[in-house]
Amino acid sequence: MYAPERHQRIVEQARAHGRVDVKDLAELLAVTPETIRRDLTSLERRGLVRRAHGGAIPVERITLHPGVGDRGGINQTEKMVIAEAALAELPENGSVMIDAGTSTICLAEMLPTDRGLTVVTHSLPVAMAVANRPGIDLHLLGGNIRSDSLAGVGTWTHQLIGMVSVDVAFVSINGITPERGLTTHNMAEAAVKSAMIKSARRSILLADHTKFGREEFGRVAPLAAIDTIITDPGVNLDLVREVEAAGTEVFWPGRG
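What you are looking at is a predicted structure, and each value in this text was computed from that prediction instead of being measured. (Residues numbered from 1 in each chain as written. Predicted model: local features only at pLDDT ≥ 70, side-chain atom pairs only at ≥ 80, totals over all residues. Heavy atoms only, no water.)

1. Section: the overall build of the protein
Reasoning step 1: Looking only at helices and strands, one finds 10 helices and 15 strands in the protein.
Reasoning step 2: The C-alpha radius of gyration of the protein comes to 19 Å, within 12% of the 18 Å expected for a compact globule of 256 residues.
Reasoning step 3: The C-alpha extent of the protein, read off along each of the three principal axes, is 65 × 40 × 30 Å.
Reasoning step 4: Looking at the protein as a whole, 50% of its 256 residues qualify as buried.
Reasoning step 5: Across the protein, contacts joining residues at least 24 apart in sequence account for 61% of those joining residues at least 6 apart.
Reasoning step 6: Looking at the protein as shown, the accessible area adds up to about 11700 Å², and 52% of this sits on carbon and sulfur atoms.
Reasoning step 7: Across the protein, the centroid of the 27 positively charged side chains sits 6 Å from that of the 31 negatively charged ones. (Helix = DSSP H or I, 4+ residues; strand = E, 2+ residues; numbered from the N terminus. Rg over C-alpha atoms; globule rule 2.2 N^0.38 Å. Buried < 20%, exposed > 50% of the residue type's maximum accessible area, 1.4 Å probe, protein only. Contact = heavy atoms within 4.5 Å. Areas by Shrake-Rupley, 256 points an atom, 1.4 Å probe, with all protein chains shown as cover. Lys, Arg positive; Asp, Glu negative; His and termini not counted. Charge placed at Lys NZ, Arg CZ, Asp CG, Glu CD.)

2. A closer look at the UniProt feature "domain: HTH deoR-type" (unreviewed entry) in the protein
Reasoning step 1: Here the UniProt-annotated "domain: HTH deoR-type" (unreviewed entry) positions come out as residues 3-58.
Reasoning step 2: Annotated as 64% helix and 18% strand, the span residues 3-58 places its first and last C-alpha atoms 18 Å apart. (UniProt positions renumbered as here; feature names shortened; annotations may be inferred.)

3. Here we look at the nonpolar core
Reasoning step 1: With 31 residues, the main nonpolar core has I176, L182, L205, F212 and I229 as its most contacted residues.
Reasoning step 2: When residues of this core are traced back to their parent elements, those giving at least two are β9 (166-172), α9 (187-199), β12 (200-206), β13 (218-221) and α10 (237-245).
Reasoning step 3: Residue contributions to this core peak at 5 residues, all from α9.
Reasoning step 4: Those residues in contact with I229 that lie beyond four places of it in its chain are I176, L205, F212, L223, V243, T248, E249, V250 and F251.
Reasoning step 5: Counting residues in hydrophobic clusters, the runner-up holds 23 residues, among them I82, L107, I204 and L206. (Core = buried A, V, L, I, M, F, W, Y, C linked by side-chain atoms within 4.5 Å.)

4. Side note on the pairing of β12
Reasoning step 1: Of all 7 residues in β12, 5 are buried, a share of seventy percent or more.
Reasoning step 2: As judged from the 6 bridges shared by β9 and β12, these two strands associate in the parallel manner. By the bridge assignment, A169 is partnered in β12 with S203.
Reasoning step 3: Here β12 pairs with strand β14 (residues 228-230) via 3 bridges, running parallel. Opposite I204, over in β14, you have T228 as the bridge partner. (Pairing = 2+ DSSP bridges.)

5. Digging into the pattern of salt bridges
Reasoning step 1: Within this structure, the stated rule accounts for 13 salt bridges.
Reasoning step 2: Ionic pairing is found between R146 and D148, a salt bridge with its closest N-O pair at 2.9 Å.
Reasoning step 3: What makes R146 buried here is its relative accessible area of 17%.
Reasoning step 4: For R241, the salt bridge goes to D238, with nearest N and O atoms at 2.8 Å. (Salt bridge = Lys/Arg side-chain N within 4 Å of Asp/Glu carboxyl O.)

6. Describing the environment of R219
Reasoning step 1: Mapped onto the fold, R219 is located in strand β13.
Reasoning step 2: In the structure, R219 is positioned 34 residues away from H185 in sequence and 8.6 Å away in space, judged by C-alpha atoms.

7. Some words on the pairing of β9
Reasoning step 1: Most of β9 is tucked away: 6 of the 7 residues are buried.
Reasoning step 2: Here strand β4 (residues 95-98) runs beside β9; their pairing, made up of 3 bridges, is parallel. By the bridge assignment, I98 is partnered in β9 with F170.

8. Regarding helix α5 (residues 76-86)
Reasoning step 1: K79, I82, A83, A85 and A86 are the residues of α5 that are buried. On an axial view of α5, the arc spanned by its buried residues comes to 160°, and they lie on one face. The exposed residues of α5 that point more than 90 degrees off its buried face are T77 and E84. (Arc of directions from axis to C-beta.)

9. Overview of the packing of α5 against helix α6 (residues 102-110)
Reasoning step 1: Where α5 contacts α6, the two axes come as close as 8 Å, and the packing angle between them is 55°. Looking at the two axes, α5 sits oblique to α6. Every pair of crossing elements has a handedness; the one defined by α5 and α6 is right-handed. Counting all contacts with α5, which are made through Q76, K79, M80, A83, E84 and A86, the residues of α6 involved are T102, S103, C106, L107 and M110.
Reasoning step 2: Tallied by class, residues from the contact of α5 with α6 come to 6 nonpolar, 3 polar and 2 charged. (Axes fitted to C-alpha atoms, helices over the stretch in contact; angles between N-to-C directions. Parallel < 35°, antiparallel > 145°, perpendicular 65-115°, else oblique. Left-handed = near helix turned anticlockwise from the far one by under 90°. Nonpolar A, V, L, I, M, F, W, Y, C, P; charged D, E, K, R; others polar.)

Next up, the structure:
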């Protein structure tokens, strides 16, 4: 098989499965892993894929960052499953910080009203989901509101996060890899997420399976900063093993 034929197969596989791995491609195309790595480098230079740990991701998965309203219907079933599983991590009569994101909005909508929870958030949609709920003491963090995430960022947000210490922080993310840890596409939001993790006694990451193996521009924290990642059953088991080898537990409903 000539290189252009391999490249076409690689792009087709990446677009069909959302990710390709060097080892799997080498077996599929009957070439060495070194050849596949060179192919991926060539494809990345042409803007067709982006290299990630052990493989590559199609550019369609990393170039578009729709607003929170547009993202609401993407992987909605998986996000509902993740949010429901996250309810087990809530403290009794304690405090939680809830990050901006579609999975965290789902969690906010499911919060019980019989625990006397204190909720801290910089997300307007999260705040609206719990503002009139009995049994919840809401604290909305100020800041410069980003139009796509509808969340506060900047100096005010950081100052207010630094004034609190919560039992649990529920954080969302755009990318998870062992090498880069947790990443997101916006630097200002990356800084807020990092501060949230530092403000909490325990940090729980809510991330559907598409976030594994992705790398974005803004680094948030190493994997070791997170106590548990809650995902959905569609997650790639090889990627899970890599994350857990770095010391972070990964859980999804139904996992034994």
